[in-house]
Each structure stands twice: as structure tokens, then as C-alpha cells.
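# Results of the structural survey
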Amino acid sequence: MRKPINDHALDQIFRDARSYNVWSDEEVPDETLTQLYDLLKWGPTSANCFPMRLVFLKSQKAKARIKPHLIEGNVNKVMTSPVTVIIAYDMKFYDRIPELFPHNPGARDWFAHDEKVAFDTAFRNGTLQGAYLMIAARALGLDCGPMSGFDNAGVDKEFFPDGQFKSNFLCALGVGTDELLFGRSPRPAFDTVAEIL
Ligand SMILES: Cc1cc2nc3c(=O)[nH]c(=O)nc-3n(C[C@H](O)[C@H](O)[C@H](O)COP(=O)(O)O)c2cc1C
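Residues numbered from 1 in each chain as written. Predicted model: local features only at pLDDT ≥ 70, side-chain atom pairs only at ≥ 80, totals over all residues. Heavy atoms only, no water.

## Regarding the site of the ligand
Going by this rule: A molecule or strand has a residue near it when one of that residue's heavy atoms lies within 4 Å. Pairs of N or O atoms are called polar contacts if they sit within 3.5 Å, as long as, within protein, a hydrogen donor faces a hydrogen acceptor (for residues adjacent in sequence, only side-chain-to-side-chain pairs). Note on areas: these come from Shrake-Rupley sampling with a 1.4 Å probe, and a residue is covered only by the protein chains present in the view.
Close contacts around the ligand come from Arg18, Ser19, Asn74, Lys77, Pro146, Met147, Ser148, Gly149, Arg184 and Arg187, and that covers them all. Contact distances for the ligand include 2.9 Å between an oxygen atom and a side-chain N or O atom of asparagine 74. Here a nitrogen atom of the ligand and a backbone polar atom of serine 148 are 2.8 Å apart. Protein contacts shield 63% of the accessible area of the ligand, which totals 620 Å² for the unbound molecule.

Below is the structure:
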């Protein structure tokens, strides 16, 4: 086995990482967003299909476009965040398989002719990529505020009107504060959710 990353890193990425609701004034430079992408892109997807699409909402003007589609409890979290990213997936991800999976360009056909397989693949791998984004963000020292409380259809109409991309979830990014942070909720014990056969 390789050497494990150290406890500081494990605390920052997992044990001390929380889902934040309120943000400090500290900005997130565009350069940090490209660093974030340059880490998360290495997370694996099936046949390297890479369905993720990202829209970073940084300006007030951009955030105002999503505001009407948020549940009330998420409005402040988004509007006061330094940046909120729409994590979406490409329903036609398979068109890029010849480029992204060069050792088997024909893998495009595994997905292109079966809508259900294509959707399942896009959603599964796009969701994984959203998780990679949160892990990468925390590794870079950013805090996350993931949210699924919004009207996906409304967001898709506003940001992806041609129907090719579908929103999955949102993630506010910045430096979180303890305000409105409830106590850490428990996680089930290993034996409750896992078995080793
Ligand atoms: C995909 C996803 C969607 C979520 N949606 C919302 C949301 O819409 N509003 C909200 O306040 N919290 C939302 N949460 C936050 C969760 O409630 C939170 O991550 C969970 O309670 C664990 O909290 P902790 O990370 O601080 O331990 C969401 C989390 C995830 C991962």
C-alpha cells in the first residue's frame, strides 16, 4: 500500500469538513477555480466518459439568475456565497468518447443507442464528479455548501436552454463560518451499513 495522507489532510477533507450555510467575506479567486478543476478532473469515470459540466456563479448578476429557482432555505446561502457552482451533466457525453477514450473510440456506441444506459451513465458519473469536486475543494482549503433544494427544470431552462445539459446539484464554495451550523450529525457504524464477506 502507498503511504496514507497525513491526519491534517484527513481532518480537513473528511473528519472536520462540514456543510456550511454562512460565508466569510474571503473571496475565491478564479485561479482557485481552475486549480479545483485541475484536481477533480483526475477522478475516475466509466470509460472516461466525463459527463460533468460546471457553471460557476460568481457575480451578483449570475447569482440573481438562479435565485428564483432556489427553495427559500437556500437563497441566502447562494446569494452571499463567494461562488456557487451548478454541477450538471451532459446528456450527449458519448459524442466525446472517441476523444476521451482513444483506446476504444467505439465505446461511444455502448451509450449512444440506449437512452436509459446513457442517462444512468451520465447521472452516475456526473454525481461522482460532483463528489470529486467537494473533495478537491476541501483539499484546497475551501469549504462547501452542497444543495439539492432547487427547481432543476427551472435552472435547466435558465442556464441550459437547448436541453443537452441537466443540473444535478449546487455547491456553494468559500470560507464557511460557524453561524447557523448545527452540531455534527451522527454517521452509522460500520456494522450497520457494511459487511465483509
Ligand atoms: C447532494 C446534497 C444536497 C444537499 N442539499 C441541501 C439543501 O438543499 N439545503 C441544505 O441546507 N443542505 C443541503 N445539504 C447538506 C446536508 O444536509 C449535509 O451535508 C448533511 O446534513 C451532513 O452535514 P455535514 O456535512 O455538516 O456533516 C445537501 C448535501 C448534499 C451532499
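## A closer look at the side chain of aspartate 156
Heads up, the condition is: Strands here are runs of E lasting at least two residues and helices are runs of H or I lasting at least four, both read from the DSSP assignment and numbered beginning at the N terminus. Accessible area is worked out with a 1.4 Å probe on protein chains only. A residue is then buried under 20% of its type maximum, exposed over 50%, and partly exposed in between. Only four residue types enter the tally: Lys and Arg on the positive side, Asp and Glu on the negative side, with His and both chain ends excluded. Salt bridges are identified by distance alone: a Lys or Arg side-chain nitrogen within 4 Å of an Asp or Glu carboxyl oxygen.
On the secondary structure map, aspartate 156 appears in helix α8 (residues 152-159). An unpaired buried charge is present at aspartate 156: no salt bridge exists, and lysine 166, the closest side chain of opposite charge, is 4.8 Å distant. At 2.7 Å, the side chain of aspartate 156 forms a polar contact with the side chain of serine 167.

## Things to note about the packing of aromatic side chains
Let me state the cut-off plainly: The aromatic pairing rule takes the rings of Phe, Tyr and Trp, using the six-membered ring of Trp, and pairs them if the centres are within 6.5 Å, calling planes under 30 degrees apart stacked, those over 60 edge-to-face and the rest tilted.
On inspection of all chains with the given rule, the structure shows ten aromatic pairs. Ring geometry for tyrosine 37 versus phenylalanine 50: centroids 6.3 Å apart, planes at 65°, classification edge-to-face. One end of the pair, tyrosine 37, is in helix α2 (residues 30-40); the other, phenylalanine 50, is in the loop between α2 and β1 (52-57), with 13 residues separating them in the sequence. For phenylalanine 50, a relative accessible area of 13% corresponds to the buried category. Relative to phenylalanine 119, the ring of tyrosine 89 has its centre 6.2 Å away and its plane inclined at 70°; by these criteria the two rings are edge-to-face. Placement of tyrosine 89 in strand β2 (residues 83-90) and of phenylalanine 119 in helix α7 (residues 115-139) is noted, with a sequence separation of 30 residues between them.

## Considerations on the packing of α2 against α7
Cut-off, in case you're wondering: Each axis is a line fitted through C-alpha atoms, taken for helices only over the stretch in contact, and angles between the N-to-C directions span 0 to 180 degrees. Roughly parallel here means an angle under 35 degrees, roughly antiparallel means over 145, roughly perpendicular means 65 to 115, and every remaining angle is called oblique. Each crossing is labelled by how the near helix is turned from the far one, with a counterclockwise turn of less than a right angle marking it left-handed and a clockwise turn marking it right-handed. Here, two residues are considered to be in contact whenever any of their heavy atoms come within 4.5 Å of each other.
Direction vectors running N to C along α2 and α7 enclose 125°, while the axes themselves pass 9 Å from each other. Here α2 lies oblique to α7, going by the angle between them. Relative to α7, α2 is oriented so that their crossing is right-handed. Taken together, the residues of α7 that come into contact with α2 (itself represented by Leu36, Leu39 and Leu40) are Gln129, Tyr132, Leu133, Ala136 and Ala137.

## Points about the packing of helix α1 (residues 7-15) against α7
Test applied: Note on residue classes: Ala, Val, Leu, Ile, Met, Phe, Trp, Tyr, Cys and Pro are nonpolar, Asp, Glu, Lys and Arg are charged, and everything else, Gly too, is polar.
At a minimum axis distance of 9 Å, the contact between α1 and α7 shows a crossing angle of 135°. As judged from the angle between their axes, α1 and α7 are oblique. Between α1 and α7 the crossing geometry is right-handed. Of α7, the residues touching α1 (which contributes Gln12, Ile13 and Phe14) are Ile135, Arg138 and Ala139. Tallied by class, the residues present in the contact of α1 with α7 amount to four nonpolar, one polar and one charged.

## A few points about the pairing of strand β3 (residues 143-147)
Threshold: If DSSP finds at least two bridges between two strands, the strands pair.
The buried count for β3 comes to four of five residues, which makes it a mostly enclosed element. With five bridges joining them, β3 and strand β4 (residues 165-174) adopt antiparallel strand pairing. Its bridge partner being in β4, proline 146 is matched across the sheet by cysteine 171.

## Here we look at the environment of glutamate 195
With respect to the element layout, glutamate 195 can be found in the segment after α9 (190-193). Separated by 128 residues in sequence, glutamate 195 and lysine 67 place their C-alpha atoms 43 Å apart.

## Focus: the pattern of salt bridges
Counted by the stated rule, this structure contains ten salt bridges. A salt bridge links lysine 41 to aspartate 38; the shortest N-O distance between them is 3.1 Å. Among the residues examined, lysine 41 registers a relative accessible area of 27% and is labelled partly exposed. Classification of aspartate 38 by relative accessible area gives partly exposed; the value is 39%. Between arginine 108 and aspartate 109 there is a salt bridge, with its nearest N and O atoms 3.8 Å apart. Among the ionic contacts, a cluster of salt bridges with common partners joins Asp7, Asp11 and Arg15.

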